Amino acid sequence: MSSPYAAEKQVAVAAVRLGDFSAQAVINTILGRTFPSDPIVGEEDAADMRAESGAALRNRIVELANETLTAPLQPDEHESWGLGPGHAQTAEEIMDVIDKGNYGGSRTGRFWTLDPIDGTKGFLRGEQYAVCLALIVDSRVELGVIGCPNLPTSSSSPDERGCVFVAVRNQGAYQLPLSASSPTLPINLTIPTFSQDTLNLLESVEKAHAKLSFNERVAEVLGVKRAPTRMDSQAKYGALVRGDGGVYLRMPTGTGYREKIWDHAPGAVLVEEAGGVITDSRGQPLDFGLGRTLGENFGVVAAGKEVHSRVLEAVKKAKEEGN
């Protein structure tokens, strides 16, 4: 008897491994063929491609998507997914499949959420970005996959890059190589215990994405001695669960901005399945049943169980000081 969500996991991992600049077209094609009743909440749409001024962009994305869709099948892929020689799509078909990501989300039922290039500025700099896919069922994230093409496979192997982080509810979390052809076995992931000397924060590179000055005060209250580790995208969640950093802290930079579900859904189940805790800064669970956002922004705090409550207290103290 197969494990719950075994088919979804196989499809999601294979789809994320194929991700590139045309990821939404490719992944939506695979999901549409394998789970045709499932709606998709995607970050991107095809509006720019359809515009009169979008010819160059449209041609490039169609070219990239068809390169991936028509490539020879890998061992973990199936022609029924819309992959392999002879499965090229027209520009109109590509744009239509991208637009399948326009679902508004729901409190009940199942749907996927996709961020085809999380950390766009990191992608453009040649640094960290991620292809992120999650399955949400009745407002709870059941499956998350984060592909990180530029992330080292471990801190001890900085020149070996390309990881996929996978978590299924009640089945644990693990890391795979980005390449499906690699024989490396899955690496089970559990957030380690940090000493006061080794604990540090994982933060965004872009100041517009997180209130870094606030994070500095939280680190002071916690007695953190190590400098923060800064990187773009949900690669931070992968770094957290394998122990490259001890606390993921993302506080709002101002009023009005609402966190998108695709920016945190895969990371949320990854953290929990690696033995950690993820909440907002009040200690409340993240709510993935509010639509395309997490609602009013109270920040995101993720850490190991023995650290998380301390971080919440430090955040509370920093807020009381008016930071």
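From a predicted model like this one, the values you see are computed outputs, not experimental measurements. (Residues numbered from 1 in each chain as written. Predicted model: local features only at pLDDT ≥ 70, side-chain atom pairs only at ≥ 80, totals over all residues. Heavy atoms only, no water.)

K.L.:
Quick one: what's the story with the overall build of the protein chain, residue by residue and with numbers?
P.N.:
Within the protein chain, the regular secondary structure consists of 10 helices and 12 strands. The C-alpha atoms of the protein chain give 19 Å as radius of gyration, which agrees with the globular expectation for 323 residues (20 Å, within 12%). Each of the three principal axes of the protein chain carries a C-alpha extent, and together these read 60 × 45 × 40 Å. For the protein chain, the proportion of its 323 residues judged to be buried stands at 53%. Looking at the protein chain alone, contacts between residues at least 24 apart form 68% of all its contacts between residues at least 6 apart. When the accessible area of the protein chain is evaluated, it comes to approximately 14,000 Å², of which 50% is carbon and sulfur surface. Of the side chains in the protein chain, 32 bear a positive and 42 a negative charge, and the two mean positions are spaced by 6 Å. (Helix = DSSP H or I, 4+ residues; strand = E, 2+ residues; numbered from the N terminus. Rg over C-alpha atoms; globule rule 2.2 N^0.38 Å. Buried < 20%, exposed > 50% of the residue type's maximum accessible area, 1.4 Å probe, protein only. Contact = heavy atoms within 4.5 Å. Areas by Shrake-Rupley, 256 points an atom, 1.4 Å probe, with all protein chains shown as cover. Lys, Arg positive; Asp, Glu negative; His and termini not counted. Charge placed at Lys NZ, Arg CZ, Asp CG, Glu CD.)

K.L.:
Explain unusual backbone geometry to me, and be specific about the residues and the numbers.
P.N.:
Phi is positive for S139, which is not a glycine, with a value near 75 degrees. By the secondary structure assignment, S139 is in the loop between β3 (130–137) and β4 (140–154). We note that N170 has phi near 70 degrees; this positive angle belongs to a residue other than glycine. By secondary structure assignment, the location of N170 is in the loop between β5 (157–168) and β6 (173–177).

K.L.:
Run through the UniProt feature "binding site: Mg(2+)" (unreviewed entry) in the protein chain, naming residues and quoting values.
P.N.:
Under the UniProt annotation, the feature "binding site: Mg(2+)" (unreviewed entry) is placed at E43, D115, I117, D118 and D263. On the basis of their most widely separated C-alpha atoms, the annotated residues across 221 residues gather in one place, lying no more than 10.3 Å apart. Examined against the element boundaries, E43 turns out to sit in the loop between β1 (40–42) and α3 (47–50). Residues contacting E43, with those up to four places away along its chain left out, are Q24, L114, D115, P116, I117 and W262. Inspection of the secondary structure assignment puts I117 in strand β2 (residues 110–118). With relative accessibility at 9%, the residue I117 sits in the buried group. (UniProt positions renumbered as here; feature names shortened; annotations may be inferred.)

K.L.:
So, the packing of helix α2 (residues 23–34) against helix α5 (residues 91–98): which residues are in play, and what are the values?
P.N.:
It is at 8 Å that the axes of α2 and α5 come closest, and there the two elements cross at 80 degrees. As judged from the angle between their axes, α2 and α5 are roughly perpendicular. Between α2 and α5, the residues in contact are Q24, A25, N28 and T29 and I94, V97 and I98, respectively. In terms of residue class, the contact of α2 with α5 is made up of 4 nonpolar, 3 polar and no charged. (Axes fitted to C-alpha atoms, helices over the stretch in contact; angles between N-to-C directions. Parallel < 35°, antiparallel > 145°, perpendicular 65-115°, else oblique. Nonpolar A, V, L, I, M, F, W, Y, C, P; charged D, E, K, R; others polar.)

K.L.:
Quick rundown of the sheet that holds strand β11 (residues 276–279)? Include the residues and the values.
P.N.:
Across the sheet, 5 strands lie side by side as β9-β8-β10-β12-β11; this open sheet has mixed pairing. Each of the sheet's edge strands pairs with one partner strand only, and the pair in question is β9 (229–230) and β11. Pairing of strand β10 (residues 247–250) with strand β12 (residues 300–304), which is carried by 4 bridges, proceeds in the antiparallel orientation. When the bridges of β12 are listed, L249 appears paired with V301. Packing of helix α9 (residues 265–273) onto the sheet brings it into contact with β11 and β12, and relative to β11 it is tilted by some 145 degrees. (Pairing = 2+ DSSP bridges.)

K.L.:
Talk me through α2; I want residue IDs and the actual numbers.
P.N.:
Under the 1.5 Å per step criterion, the end-to-end length of α2 is 16 Å for 12 residues, consistent within 8% with the ideal 16 Å. The buried fraction of α2 amounts to 9 of the 12 residues, a majority that puts the element mostly inside the structure. Those residues of α2 lying buried are A23, Q24, A25, V26, I27, N28, T29, I30 and L31. (Expected span 1.5 Å × (residues − 1).)

K.L.:
Break down the domain arrangement of the protein chain for me, with residues and values.
P.N.:
Quite often, the size of an interface is put as the accessible area lost when its parts meet. For the protein chain, the assigned domains are domain 1 (1–103) and domain 2 (201–322). Between the C-alpha centres of domain 1 and domain 2 the distance comes to 30 Å. (Domains from an automatic or database assignment.)

K.L.:
Give a description of the pattern of salt bridges that names residues and reports values.
P.N.:
Enumeration according to the criterion identifies 20 salt bridges in this entry. Here E259 and R250 are joined by a salt bridge, their closest N and O atoms 2.7 Å apart. Of the two residues, E259 and R250, both sit in the buried class. What you see here is one network of salt bridges that share partners, running through R50, E92, D96 and D99. (Salt bridge = Lys/Arg side-chain N within 4 Å of Asp/Glu carboxyl O.)

K.L.:
Account for the sheet that holds β5, with residues named and values stated.
P.N.:
The 7 strands lie next to each other as β1-β2-β3-β4-β5-β6-β7, forming an open sheet whose pairing is mixed. Two strands lie at the open edges of the sheet, namely β1 and β7 (187–188), each paired on one side alone. Here β2 pairs with β3 via 7 bridges, running antiparallel. When the sheet's bridge partners are listed, D115 is paired in β3 with C132.

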